[in-house]
Amino acid sequence: MATEYFAFIAEEDYRAFQVLVSTPLPRDYDMWLRVRERGKLRAERDRAAVVIEIEITPEEFGAYCKQQRRRDCSIAALEGCARERGRARRRNFHASVAGISR
(Lines give C-alpha, C1' and ligand atoms only; values in the text may rest on other atoms or scores of the structure.)
Protein backbone atom coordinates (compact mmCIF):
# COMPACT_ATOMS: atom_id res chain seq x y z
CA MET A 1 0.00 0.00 0.00
CA ALA A 2 1.39 3.38 -1.02
CA THR A 3 1.74 6.35 1.30
CA GLU A 4 0.86 9.85 0.09
CA TYR A 5 1.76 12.96 2.01
CA PHE A 6 -0.59 15.93 1.90
CA ALA A 7 0.37 19.41 3.01
CA PHE A 8 -1.61 20.71 5.97
CA ILE A 9 -1.77 24.48 6.40
CA ALA A 10 -2.82 25.91 9.76
CA GLU A 11 -5.66 28.40 9.50
CA GLU A 12 -3.53 31.20 10.95
CA ASP A 13 -0.94 30.63 8.16
CA TYR A 14 -3.41 30.44 5.27
CA ARG A 15 -3.17 34.12 4.28
CA ALA A 16 0.63 33.85 4.08
CA PHE A 17 0.30 30.83 1.79
CA GLN A 18 -2.12 32.72 -0.44
CA VAL A 19 0.71 35.19 -1.00
CA LEU A 20 3.52 32.60 -1.25
CA VAL A 21 1.92 30.02 -3.52
CA SER A 22 2.03 31.01 -7.18
CA THR A 23 -1.06 28.93 -8.00
CA PRO A 24 -4.27 30.62 -6.86
CA LEU A 25 -5.64 29.10 -3.66
CA PRO A 26 -9.33 29.16 -2.71
CA ARG A 27 -10.44 32.48 -1.25
CA ASP A 28 -11.24 31.09 2.18
CA TYR A 29 -9.70 28.48 4.41
CA ASP A 30 -12.85 26.36 4.72
CA MET A 31 -12.98 25.93 0.95
CA TRP A 32 -9.28 24.95 1.00
CA LEU A 33 -10.08 22.25 3.56
CA ARG A 34 -12.95 20.91 1.43
CA VAL A 35 -10.73 20.77 -1.69
CA ARG A 36 -7.97 18.98 0.24
CA GLU A 37 -10.45 16.51 1.74
CA ARG A 38 -11.69 15.56 -1.73
CA GLY A 39 -8.08 15.03 -2.85
CA LYS A 40 -7.33 12.83 0.15
CA LEU A 41 -10.46 10.75 -0.44
CA ARG A 42 -9.47 10.25 -4.10
CA ALA A 43 -6.00 9.10 -3.05
CA GLU A 44 -7.47 6.63 -0.59
CA ARG A 45 -10.20 5.36 -2.91
CA ASP A 46 -8.56 5.43 -6.35
CA ARG A 47 -4.96 4.61 -5.41
CA ALA A 48 -5.56 2.70 -2.16
CA ALA A 49 -3.07 5.06 -0.53
CA VAL A 50 -2.53 5.74 3.13
CA VAL A 51 -2.78 9.52 3.49
CA ILE A 52 -0.62 11.35 6.01
CA GLU A 53 -0.96 15.08 6.57
CA ILE A 54 2.24 17.01 7.14
CA GLU A 55 1.94 20.50 8.58
CA ILE A 56 3.97 22.99 6.57
CA THR A 57 4.74 26.49 7.81
CA PRO A 58 5.24 29.47 5.50
CA GLU A 59 8.90 29.57 6.53
CA GLU A 60 9.46 25.90 5.69
CA PHE A 61 7.76 26.29 2.33
CA GLY A 62 9.76 29.41 1.49
CA ALA A 63 13.01 27.60 2.34
CA TYR A 64 11.93 24.57 0.27
CA CYS A 65 11.19 26.76 -2.75
CA LYS A 66 14.55 28.55 -2.45
CA GLN A 67 16.48 25.27 -2.47
CA GLN A 68 14.81 24.05 -5.68
CA ARG A 69 16.88 24.20 -8.84
CA ARG A 70 13.91 25.68 -10.70
CA ARG A 71 12.02 28.11 -8.49
CA ASP A 72 8.53 26.74 -8.19
CA CYS A 73 6.14 27.90 -5.51
CA SER A 74 3.02 26.20 -6.88
CA ILE A 75 0.60 23.87 -5.14
CA ALA A 76 2.63 21.02 -6.67
CA ALA A 77 5.70 22.39 -4.90
CA LEU A 78 3.72 22.58 -1.65
CA GLU A 79 2.90 18.89 -2.01
CA GLY A 80 6.56 18.20 -2.88
CA CYS A 81 7.56 19.93 0.35
CA ALA A 82 5.11 17.74 2.30
CA ARG A 83 6.47 14.59 0.60
CA GLU A 84 10.06 15.54 1.41
CA ARG A 85 9.24 16.27 5.06
CA GLY A 86 7.13 13.13 5.38
CA ARG A 87 9.84 10.90 3.96
CA ALA A 88 12.45 12.54 6.20
CA ARG A 89 10.26 11.88 9.25
CA ARG A 90 9.81 8.29 8.17
CA ARG A 91 13.59 7.79 7.75
CA ASN A 92 14.27 9.39 11.14
CA PHE A 93 11.62 7.23 12.79
CA HIS A 94 13.03 4.03 11.32
CA ALA A 95 16.54 5.08 12.29
CA SER A 96 15.46 5.76 15.88
CA VAL A 97 13.68 2.41 16.09
CA ALA A 98 16.83 0.70 14.82
CA GLY A 99 18.91 2.58 17.42
CA ILE A 100 20.73 4.72 14.86
CA SER A 101 21.08 8.39 15.78
CA ARG A 102 21.00 11.04 13.09
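See above for the structure.
### Describing the overall build of the protein
Okay, so step 1: On a plain count of helices and strands, the protein comes out with four helices and two strands.
Okay, so step 2: A buried classification covers 33% of the 102 residues belonging to the protein.
Okay, so step 3: Pairs at least 24 residues apart make up 65% of the contacts formed inside the protein by residues separated by at least 6 positions.
Okay, so step 4: Carbon and sulfur atoms form 51% of the exposed surface of the protein, whose accessible area is close to 6900 Å².

### Some thoughts on the packing of aromatic side chains
Okay, so step 1: Inspection of the entire model under this criterion finds three aromatic pairs.
Okay, so step 2: With 5.9 Å between their ring centres and 40 degrees between their planes, Phe 17 and Phe 61 make a pair best called tilted. Taken together, the residues span a long stretch of sequence, with Phe 17 in helix α1 (residues 14–20) and Phe 61 in helix α3 (residues 58–67) at a distance of 44 residues.
Okay, so step 3: For Phe 17, a relative accessible area of 0% gives the class buried.
Okay, so step 4: Classification of Phe 61 as buried rests on a relative accessible area of 0%.

### Structural notes on helix α2 (residues 29–47)
Okay, so step 1: Here α2 contains 19 residues, and its C-alpha end-to-end distance of 26 Å stays within 8% of the 27 Å for a straight helix at 1.5 Å per residue.
Okay, so step 2: Restricting attention to buried positions, one finds in α2 the residues Tyr 29, Trp 32, Arg 36, Gly 39, Lys 40 and Ala 43. Seen end-on, α2 carries its buried residues on one side only, within an arc spanning 100 degrees.

### As for the environment of Ser 74
Okay, so step 1: Along the chain, Ser 74 turns up in the loop between α3 and α4 (75–97).
Okay, so step 2: Relative accessible area serves as the criterion here: at 12%, Ser 74 is assigned to the buried category.
Okay, so step 3: Sequence separation of Ser 74 and Ser 22 is 52 residues, and the distance between their C-alpha atoms is 4.9 Å.
Okay, so step 4: Leaving out residues up to four positions away in the same chain, Ser 74 has contacts with Val 21, Ser 22, Thr 23 and Phe 61.

Conventions adopted
- Residues numbered from 1 in each chain as written.
- Predicted model: local features only at pLDDT ≥ 70, side-chain atom pairs only at ≥ 80, totals over all residues.
- Heavy atoms only, no water.
- Helix = DSSP H or I, 4+ residues; strand = E, 2+ residues; numbered from the N terminus.
- Buried < 20%, exposed > 50% of the residue type's maximum accessible area, 1.4 Å probe, protein only.
- Contact = heavy atoms within 4.5 Å.
- Areas by Shrake-Rupley, 256 points an atom, 1.4 Å probe, with all protein chains shown as cover.
- Phe/Tyr/Trp six-rings, centres within 6.5 Å; stacked < 30°, edge-to-face > 60°.
- Expected span 1.5 Å × (residues − 1).
- Arc of directions from axis to C-beta.

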